Number of protein chains: 2
Amino acid sequence: MHVVVPFAATDPKTRLESVLSPTERAAFARAMLADVLCSIVEAGREPTVVATAAIDPAELDLPTHVLESVSVAVDDRPLTDAVNARLPSKTDSGDNDGDTDDAVAVVMADLALATTDALADLFAAGGEVAITPGRGGGTNALVVRHPGFRVDYHGASYLDHRKIAEEVGASLETIDSFRLATDIDEPDDLVEVLVHGDERTRALATLRDFGFELERRDGRVGVARRGADDSTRER
Amino acid sequence: MHVVVPFAATDPKTRLESVLSPTERAAFARAMLADVLCSIVEAGREPTVVATAAIDPAELDLPTHVLESVSVAVDDRPLTDAVNARLPSKTDSGDNDGDTDDAVAVVMADLALATTDALADLFAAGGEVAITPGRGGGTNALVVRHPGFRVDYHGASYLDHRKIAEEVGASLETIDSFRLATDIDEPDDLVEVLVHGDERTRALATLRDFGFELERRDGRVGVARRGADDSTRER
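Small disclaimer: the values here were computed from a predicted structure and weren't measured.

About the cut-offs
Residues numbered from 1 in each chain as written. Chains lettered and ligands numbered in written order. Predicted model: local features only at pLDDT ≥ 70, side-chain atom pairs only at ≥ 80, totals over all residues. Heavy atoms only, no water. Pairing = 2+ DSSP bridges. Helix = DSSP H or I, 4+ residues; strand = E, 2+ residues; numbered from the N terminus. Axes fitted to C-alpha atoms, helices over the stretch in contact; angles between N-to-C directions. Contact = heavy atoms within 4.5 Å. Buried < 20%, exposed > 50% of the residue type's maximum accessible area, 1.4 Å probe, protein only. Right-handed = clockwise from strand over helix to strand, strands pointing away. Least-squares fit on C-alpha atoms with pLDDT ≥ 70 in both. pLDDT = per-residue confidence, 0-100. Parallel < 35°, antiparallel > 145°, perpendicular 65-115°, else oblique. Nonpolar A, V, L, I, M, F, W, Y, C, P; charged D, E, K, R; others polar.

Draft legend 1. Up close: the sheet that holds strand β5 (residues 129–133) of chain A. All names here are of chain A. Strand order in this open sheet of seven strands is β3-β2-β1-β4-β6-β5-β7, and the pairing throughout is mixed. Of all the strands in the sheet, just β3 (71–74) and β7 (172–174) have a single pairing partner and so form its edges. Neighbour-to-neighbour, the strand axes of this sheet turn through a mean angle of 20 degrees, independent of strand direction. Of the pairings in the sheet, the one linking β5 to strand β6 (residues 139–144) comprises five bridges and is antiparallel in character. Residue pairing for β6: Ala-130 is matched across the bridge by Val-143. Its contacts with the sheet put helix α1 (residues 22–42) on β1 (2–7), β2 (47–51) and β4 (104–107), and the angle it makes with β1 is roughly 175 degrees.

Draft legend 2. View of the pairing of strand β2 (residues 47–51) of chain B. Residue and element names in this part refer to chain B. When you tally the buried positions in β2, you get four out of five residues, the bulk of the element. The pairing of strand β1 (residues 2–7) with β2 spans five bridges and is classified as parallel. In the strand pairing of β2, Val-5 is matched with Val-49. Handedness of the β-α-β unit built from β1, helix α1 (residues 22–42) and β2 comes out right-handed.

Draft legend 3. Seen up close, the relation of the copies chain B and chain A. Each copy of the sequence occupies a distinct position, and chain B is placed on chain A by a rotation of 180 degrees and an axial shift of 0.0 Å, giving an RMSD of 0.0 Å. Put plainly, the chains are arranged around a two-fold axis. Closest approach to the rotation axis among the C-alpha atoms of chain B is made by Phe-178 of chain B, whose C-alpha sits 1.9 Å away. Looking at the interface residues of chain B, 100% of them are also at the interface in chain A, so both copies use one shared face.

Draft legend 4. Region of the structure containing the confidence of the model for chain A. When the pLDDT values of chain A are averaged, the result is 92; 91% of them are 70 or greater. pLDDT under 50 marks residues 94–100 of chain A. Its contacts with residues more than four places away, or in other chains, come to 14 contacts.

Draft legend 5. Local environment of the packing of α1 of chain B against helix α9 (residues 202–209) of chain B. Residues and elements named next belong to chain B. Running from N to C, α1 and α9 point in directions that differ by 160 degrees, and their axes come no closer than 8 Å. The pairing of α1 with α9 is recorded here as roughly antiparallel in orientation. Across from Phe-28, Ala-31, Met-32, Ala-34, Asp-35 and Cys-38 in α1, the residues of α9 making contact are Arg-202, Ala-203, Thr-206 and Leu-207. Of the residues belonging to the contact of α1 with α9, the class tally is seven nonpolar, one polar and two charged.

Pasting the structure below:
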């Protein structure tokens, strides 16, 4: 199984711009990428980062055994095209019966809560297409074993991917995982990292370095950021 | 195992008031409750609705075999108190070694995506306390087997429940389920019902009756409501 991790190397995580500077967004995005790569390697796979621009994995502060398992490919095409270029094709297996050993998994780089166990369950899923939905109709991770399946990340991709699987006659499995359903896109999502992030992860450490902490108010939970002047700015 | 389903019978789902009238909120809350009760019964359990005011389960349009398995208790105390009054106590089992057959599950009534499989996994979970976190640090469902454990739903209840379990020496399991992590509180949550709701569920049917539909815009997905004048109101 090939595991592909698409990564926007330039100006990532723009929907966090209200709470993080461009430099901070870049650092946080790389922290999440590093965590995802570690979890993939611990699950026994060798991930390829498909980045929109060159990145040096040595700068991700990965353990040696993880760094040795990671490769990088630069592909500046839109996400959908870059992923489709790496999915199983009929020529890979030499037949078109829908069965191929060249499974490809696609795991988004911003799944800050992804654990080795959750990813191992995904990689072991049956179905010629296995999808982990994200909140809001997105597709956070999938495994493709059918040579006719192609992705389309625009819009409600989870529904589109179900439809595409049906159209090409691929059996479908949906993976029910809160950890894999939680991609970190918006300020409210930072709560999930602070609540559920493993203490060893770079994403949690990075947010804490930036001064983020949980704040309990009105019976609900949000994030607050402690600034250099030691005052706390709510959001 | 006892299964408790707390239900706010009066003025439910106030955080949906920007998109639903009081009558609609009451109907939608009851639709979700009915779906949750069906899934619990299909998972082999007999739920007790702990309602803040009297409700008639016959008005929930339940299949006969589900209706026969459901009981209602009225308890107008705050959620935390009403649940704690029903958790295993030391006197239930006659010992205090942390092991009791009187397990109690608590399942929130607004888990519109809860399936029989997801609930069965929860009910079968190990651990003297098993918790399904919700988004934003909440606790959407739990199973309590330890007589010393008590709930506290105020604030970041997931973190509080972990801490309480540790304090009383209860082993803890966290259940990783997107379906059980998705409680329907706010307008944006309606997207999840429209994307992932089982076609047979009352919650999905109710939203569609109200005119809600998915709307794809700007590469993301929201909900729109088609009004009586056949115009579509975005939100």
